[in-house]
Amino acid sequence: MTAVLVLEDGRVFHGRSMGAVGETFGEAVFCTAMTGYQETLTDPSYHRQVVVMTAPHIGNTGINDEDDESRRIWVSGYVVRDPARIASNWRSRRAFADELADEGVVGICDVDTRAITRHLRERGAMRSGIFSGPAITGDLLAKVRAQPLMAGADLAGQVTTPRPYVVPALGRKRFGVVAIDLGVKSATLRHFAERGIEVRVLPSTATPAQVYASDPDGVFLSNGPGDPATVDLAVVHEVLRRGTPLFGICLGHEVVGRALGFDTYKLTYGHRGINLPVVDRATGKVEVTTHNHGFAIDMPTDAPVDTQYGFARASHLCLNDDVVEGLELVDRPVFGVQYHPEAAAGPHDATYLFDRFMRLLEGKRA
Amino acid sequence: MPKRTDLDSVLVIGSGPIVIGQAAEFDYSGTQACRVLREQGLRVILVNSNPATIMTDPDLADAVYIEPINAATVERIIGKERPSALLPTLGGQTALNTAVALAESGVLDKYDVELIGADLDAIRAGEDRERFKKIVTSVGAESARSVICASLPACVAGVESLGGYPVVVRPSFTMGGAGSGFANDEAGLLRIAANGIALSTTGEVLIEESIRGWKEYELELMRDKNDNVVVVCSIENVDPVGVHTGDSITVSPAMTLTDREYQRMRDIGIAVIREVGVDTGGCNIQFAVDPKDGRLIVIEMNPRVSRSSALASKATGFPIAKIAAKLAIGLTLDEITNDATRATPACFEPTLDYVVVKAPRFAFEKFPDVDASLSTTMKSVGEAMGIGRSFPEALQKALQSLEKSDAAFSWDGEPGEADALLAKAAIPTDGRINTVLRTFRAGATVADLYDATGIDPWFLDQILLINETADELAAAPELTPELLFRAKRRGFSDAQLGQLRARPAADVRALRHELGIRPVYKTVDTCAAEFAACTPYHYSSYDEETEVAPRTEPAVIVLGSGPNRIGQGIEFDYSCVHAVLALRDAGYRTILVNCNPETVSTDYDTSDRLYCEPLTVEHVLEVVAAEQAAGPVVGVLVQFGGQTPLGIADELEAAGVPILGTPPAAIRLAEDRGAFGRVLRDAALPTPEHGTAASFDEAKTIADRIGYPVLVRPSYVLGGRGMVIAYDESTLREFIARAKEVSPDHPVLVDRFLEDAVEIDVDALYDGHELYLGGVMEHIEEAGVHSGDSACVLPPITLPDTVIAKVRSSAEAIAAGVGVLGLINIQFALAGDVLHVIEANPRSSRTVPFVAKATSVPLAKAAARISLGATIAELRVEGMLPSVGDDGAMPPGSPVAVKEVTLPWSRFRTIADTAMTVELGPEMRSTGEVMGIDESFGAAFAKSQAAVSVPLPTSGRALVSVADRDIRAVLFAVRMLVDLGFAVVATRHTASALNRAGIRAVVVAGPAARSIAAGEIDLVISTHHAETGRQENLEIRAAAITHQVPCLTTVQALTAAVQGIASLGEPPTEIRSLQEYGQRLAAKRSGR
Ligand SMILES: Nc1ncnc2c1ncn2[C@@H]1O[C@H](COP(=O)(O)OP(=O)(O)O)[C@@H](O)[C@H]1O
Ligand SMILES: Nc1ncnc2c1ncn2[C@@H]1O[C@H](COP(=O)(O)OP(=O)(O)O)[C@@H](O)[C@H]1O
Ligand SMILES: [Mg+2]
Ligand SMILES: [Mg+2]
């Protein structure tokens, strides 16, 4: 069955239908990871995005019961050159294309994914739609252009947990942390649990009172979709004011930055991949890291900046384009990273950041 | 942190001659390293015995020593050059072992030379399998259970402790799996272990539990001095564990791993590189994964660049050797810019939006009795790389690139019976992948084939997809645009489509063009298009958008030589690279097409644009069309890549492609025997009497007319394939019976075999008016030993001026008669005083780099210029060629260069599990070559022998066993050996003959082979013909090869060796770089 990918600027790619049949919309972005499509599909940060995979063969290892990063697939559409016909892996339970269909994800395959990627690289991420079968009717471009923009999109509320829950520590409990779920990934929670942290996960709408109700040792702001400018800052301000240890990842990090008074801006096509070099400016060491962000913090990188909560400095930079990838407060136990130390998918080079958070919880400065 | 400032000069050790397991990839890595180090302002000193490499070009290093790579020689070079550092990680196992020897003997300390790239302890930790296993355990990973054994009884006990057979036996400090193998029972164990113990530098072997059938992977890692580590590439073997990675079809990136498993591998890899202590540079680590439960085992690591790192560099566009060299001198990954983007650093992990398949190239057809099953010992001689946007496309392109008639998938004939095919597919061999396809055709399922082969079901399903597409193509009433496009996306060539549709490939192409179905060209850019690419390194694919940039400057397309194989190796890559360099200098844009990932030519730094494509008419035509659309194309050069591009010149020309240099019509004149015969007749040049026979009777009539012995060969093969010398009628009958089909369409050629003839090889330039004789090589072995296998010397030692004059006039007549524009190679045989012409090749030859280095004249560069219209006179004025004269007669006192070859006997066994028959003949079997250069022939010959294996002995016991007909001829040489202080032992028959002639020789006690094995013999002389000689002689030679005792199999080699041994007794001449030889030659030339 034929399918088309229509981009907001009028460029159209013809291919074959994959997964569910119908129409879907989202911001077209590309992801350069060669492994971990299951993690990508289920990463809440991809909510409302049509994800173009640059790796040509996707689905080879099927879908298993262990690698989901959340309770469902979040990508709004999936663009693949060559989906696998069979699944081959001892952990595989279901075939890739069946999973897409079962979860109602509209996809397209047999398209020139490299051409799409080059287009998005030059023109920037943009609104798009995938249409297959009977949905290929009417003015498709008009439908795409009628969709809301990603800038200004408030999406965390759509992916967050409806009610609080607790992830127990593995082994002896050492600390209790409240995590605000803006679209949290299971790998992140696993990292906390492995370090003896019990995590109370609260919905994105949690109030400062709810956060402090359990008297947490620290607060975590998770990754998530959408424009950071739409996230309410009340909780962050309260945490910063109290000086509770605070760790933010991705959207969580952007939110910390905004609370400190920095602006966030939209990157042309974002960082989505698992091969990006980030330098830890304190040590000069480079980590190969997982990224999935379309926005970033606009802050000076040459010297610490005075903020309402003391001096803040850009702790990590992406070596490809000097985008700020991490920040920290000089005198308070607060830091955030724009990328994904929990990996999944991706390299484990940055897991030391969870240890850094542990040390903050232990009351020592990292 | 900037690069180190305390280093001013670096000694780089190359890898020596091309052998199985250590090939052109080290020329690529060494060349990159030399370039980088010089760019960084360091004085580079290079030692490598292999003249066919680019790395030994005088332009690449400040001082190039073409000398044997052994500790003694390298010490002399160190003493002379006093480098501040030694970089041993770019020259394979040879360089690593030499560096270890120099460090251990204290030479490095004595001369205050720092080992950079990897320290001694890291090398030992990586290479010592036992220590390595401890490291693996210490980082929390697993390796196969094993015991280390230094004796045969220990091996037997070891197997018991592991729980029985099968086991794998593996020696330490070897490469390419030399000496390793599966033992299924005690007999096998004893044989493999004995050999392994002999080959291992430590006299130990490892006996290991077998994990045959698991999935096999490789990671290429790099680490800098700040402990930044990146994984450059993952490689998955299609053939499961049990087939050496060098012999496996491999894929990049890994296709069947989840992220969890991949990251686990990455974590272990990084932990291992840290623990082993590879401080700067690259290493590769191999893993095995149990397909049942994901259990992960570390197989081994190599703390250096390797064959896989060359492949990984070409597969990703991330130049590992280049970066390794920079890291070695103190730069860090984040300080190095990624060439592909020029905007981002090299400290990242390349991501691929395409699939790369490497397929091995074997040469079993050269060794009729060889055991062709694949195992832990590497047997392939080369490889081809196919890049596509999908696995089927990449796989098909890789197979099409192998240049073997049965390598690409074929749907010809009936597939046969599924059960029999499944049984066949279970045994890994060259071409098993084709059996897999055939088995699908016969109706087998993915599950059936998975059970039989252990190949991952995902790969099998992709092959099934190819087969389903073929079924569809065969059944379709019409080749619709949609179906044709789909087939092209799955890698079907026009030829395959033609086969399936029963019409010529050209028709399919015409239809395809009519429908506008053309490939697009994508870019290898390290980043999956995330950033704009600056390296125009392209591959074709059937997709939507092409990336070939428009161009205004005129371009020349140079066709490469494809996968290395016996007969067409790195020498041709050398010529292609030189052609590119010369044309770049002359202001052209150069475009190179090749599919061999090992080579310098496929380095994106070499040409202005690089296309990784099979060298077939279809793919070349499409590249030409794409480039013609991009800008002006002057034409295509087919002379430099050996027989491969030459073979398609006709078709290219017919399709309207301008061929530069020697025109296809002239090529035909030289290649067609009848036409060439007329050229010779017109010039009144003698050639051995010959005839063409379509049956035994005809052959017998010819042989009776011209007289025995005769040389017989099929007319339709090249490279001395299937050539045999028939001394009598019965051998002739046998040959014709064995030759698959002899018919009027496939006749055999019968030539008068010239006995006791001196073979002469010539490389010359011709511009239509003037001949430039590049060099005249006198072969050591007589005619009848293929020119590619014979040692030779330049300038000739025994040829009188009259012969040289005749060689010159003949070469001129042939070049003019054929109509050459560029290079021509001619082989002559001097029998009595008649100079017979054996053959002429209107192209660059195997010997061009040797001649160029021996004479310090860039012949291939000059040829490229001549192809584009320059005259020899102009090149003389330019200074590319000497201002007067040529090297037909080199000035008196010129250095003497000897070429010697390496033969792969020790890597193979016969089907009957015995050693290979060691004998030189008219069929070429060598894989590589070395050069010895010195002031006298003896000294140069001695160096050449040291460079191919071990130095000639200067004293000790010589074992002599010669054929009756050779007795007279060897007497003088054997007497000389006695005079030089050798004790002579001989087989019974030879001993009595020697004694009769007054040479004291004792009869060897017991089987001679056993004496060799026991280390009692220092030199072996065995001249029997394998066919007629006794079993004893085969054993003698096999033992000599196994135990690395110099073994001389011809009278001529013995005579040369005696001169070599004599020279070793004299004080050595000063060790000189190629540059120094060149300067001396230039001075002599201007003085003449
Ligand atoms: N324990 C084993 N059981 C079965 N096959 C093995 C085992 N170890 C290695 N092999 C196979 O032998 C090949 C060569 O072994 P390796 O250790 O890589 O030696 P080399 O130094 O020659 O590369 C591997 O590529 C693998 O396929
Ligand atoms: N008539 C002959 N007499 C003796 N030796 C010959 C004769 N013809 C060929 N040879 C030997 O066979 C080798 C291969 O023959 P050649 O015609 O050069 O084939 P190729 O195309 O493989 O180079 C030569 O190098 C030479 O040693
Ligand atoms: Mg190996
Ligand atoms: Mg020849």
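Look a little higher up for the structure.
Now for a quick tour of the structure.

**Some words on the overall build of chain B**
In terms of helices and strands, chain B carries 37 helices and 38 strands. Relative to the 2.2 N^0.38 estimate, which gives 31 Å for 1088 residues, the radius of gyration of chain B is 28 Å and therefore close to what a compact globule would have. Total accessible area computed for chain B in this model is approximately 34,800 Å², and 52% of it derives from carbon and sulfur atoms. Seen as two clouds, the 99 positive and the 143 negative side-chain charges of chain B have centres 2 Å apart.

**Some details on the coordination of the magnesium ion (ligand 4)**
All names here are of chain B. Ligation of the magnesium ion (ligand 4) by protein atoms is provided by Q827 (OE1) and E839 (OE), these donors lying 2.1 Å from the ion. Placement of Q827 in strand β30 (residues 822-831) and of E839 in strand β31 (residues 834-841) is noted, with a sequence separation of 12 residues between them. What makes E839 partly exposed here is its relative accessible area of 30%.

**A look at the interface of chain A and chain B**
Counting residues at the interface gives 53 residues for chain A and 66 residues for chain B. Each partner contributes to the roughly 4,800 Å² buried at the junction of chain A and chain B, and carbon and sulfur atoms together form 46% of this total. Taken together, the links from chain A to chain B amount to 15 salt bridges. One salt bridge connects D112(A) with K522(B), and the closest N-O pair in it is separated by 2.6 Å. For the pair chain A and chain B, the number of links is 36 residue pairs in polar contact (both at pLDDT 80 or more).

**A few points about the coordination of the magnesium ion (ligand 3)**
Residues and elements named next belong to chain B. Coordination of the magnesium ion (ligand 3) by the protein is provided by Q286 (OE1) and E300 (OE), with metal-donor distances spanning 2.2 Å. Taken together, the residues Q286 in strand β13 (residues 281-289) and E300 in strand β14 (residues 296-302) connect sequence positions 14 residues apart. For Q286, a relative accessible area of 8% gives the class buried.

**Here we look at helix α24 (residues 673-682) of chain B**
Residue and element names in this part refer to chain B. Taken residue by residue, α24 has A675, F676, G677, V679 and L680 as its buried positions. As for α24, its buried residues are in contact with α23 (664-671), α27 (801-818) and β31. Where α24 starts, the residue carrying a side-chain oxygen 3.0 Å from the main-chain nitrogen of G674 turns out to be D672. Within two residues after α24, A684 carries a phi angle of roughly 60 degrees, on the positive side.

Criteria and cut-off values
- Residues numbered from 1 in each chain as written.
- Chains lettered and ligands numbered in written order.
- Predicted model: local features only at pLDDT ≥ 70, side-chain atom pairs only at ≥ 80, totals over all residues.
- Heavy atoms only, no water.
- Helix = DSSP H or I, 4+ residues; strand = E, 2+ residues; numbered from the N terminus.
- Rg over C-alpha atoms; globule rule 2.2 N^0.38 Å.
- Areas by Shrake-Rupley, 256 points an atom, 1.4 Å probe, with all protein chains shown as cover.
- Lys, Arg positive; Asp, Glu negative; His and termini not counted.
- Charge placed at Lys NZ, Arg CZ, Asp CG, Glu CD.
- Donors = N, O, S within 2.8 Å, 3.2 Å for Na, K, Ca; no water.
- Buried < 20%, exposed > 50% of the residue type's maximum accessible area, 1.4 Å probe, protein only.
- Contact = heavy atoms within 4.5 Å.
- Buried area = accessible area lost by both parts, 1.4 Å probe.
- Salt bridge = Lys/Arg side-chain N within 4 Å of Asp/Glu carboxyl O.
- Polar contact = N/O pair within 3.5 Å; in protein donor to acceptor, adjacent residues only side chain to side chain.

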